[in-house]
Amino acid sequence: MAAKTDLLQGTLDLLILSALATDERHGLGIARRIEQTTQGAFAVRPGSLFPALHRLEEQGWLEAEWGESENRRRAKFYRLTRAGRRQLERETESWERVAGAISLAMGATS
């Protein structure tokens, strides 16, 4: 089991957008997908997740509609907009540059 890791500032948006890249999901489904794809390294709590979802929706990167979850409860389902897909591409490229630079810097200290 992976150790829990604090999210770096700015990575939550990328993780949310990435979790929605293949399918629409409700909030709990997004949190589960993030935990699954990070092999348990990140567990996003509702107090962080829902304000971020609201912010991403306001920015036009997500759209949402109410529906019924797998346990027959009313839930808000989120999906990427076209602008959200473009933002995911931009943030992925940016993250890859940052991660590459950090890897280079760490290699230089060994």
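The structure under discussion appears in the preceding block.
The rules we used
Residues numbered from 1 in each chain as written. Predicted model: local features only at pLDDT ≥ 70, side-chain atom pairs only at ≥ 80, totals over all residues. Heavy atoms only, no water. Phe/Tyr/Trp six-rings, centres within 6.5 Å; stacked < 30°, edge-to-face > 60°. Lys NZ or Arg CZ within 6 Å of the ring centre and 35° of its normal. Helix = DSSP H or I, 4+ residues; strand = E, 2+ residues; numbered from the N terminus. Buried < 20%, exposed > 50% of the residue type's maximum accessible area, 1.4 Å probe, protein only. Contact = heavy atoms within 4.5 Å. Axes fitted to C-alpha atoms, helices over the stretch in contact; angles between N-to-C directions. Parallel < 35°, antiparallel > 145°, perpendicular 65-115°, else oblique. Nonpolar A, V, L, I, M, F, W, Y, C, P; charged D, E, K, R; others polar.

Can you break down the packing of aromatic side chains residue by residue, with the values?
Aromatic ring pairs: the centre-centre distance and the angle between the two ring planes describe each pair. For the structure on display, the rule yields zero aromatic pairs. Across from the ring centre of Trp 66, 4.4 Å away, lies the NZ or CZ of Arg 74, which sits over that ring.

Kindly report on the environment of His 26, identifying the contributing residues and their values.
Inspection of the secondary structure assignment puts His 26 in strand β1 (residues 25-26). When its relative accessible area of 8% is taken as the criterion, His 26 is described as buried. On a C-alpha basis, the gap between His 26 and Trp 66 in space is 9.1 Å, while along the polypeptide they are 40 residues apart. Those residues in contact with His 26, other than ones at most four positions away along the chain, are Ser 69, Glu 70, Ala 75, Lys 76 and Phe 77.

Give me the lowdown on the packing of helix α1 (residues 11-19) against helix α2 (residues 27-37), citing residues and values where you can.
Closest axis-to-axis distance for the α1/α2 pair is 9 Å, and the angle between their directions is 105 degrees. Relative to α2, the element α1 lies roughly perpendicular. Facing Leu 15, Ile 16 and Ala 19 of α1, the residues of α2 in contact are Ile 30, Arg 33 and Ile 34. Tallied by class, the residues present in the contact of α1 with α2 amount to five nonpolar, no polar and one charged.

Explain unusual backbone geometry to me, using residue names and the numbers behind them.
Positive phi values are uncommon outside glycine, yet Gln 39 reaches one of about 50 degrees. Phi is positive for Arg 72, close to 65 degrees, though the residue is something other than glycine. Relative to the helices and strands, Arg 72 is located in the loop between β2 (62-68) and β3 (74-80). The exposure class assigned to Arg 72 is exposed, which follows from its relative accessible area of 66%.

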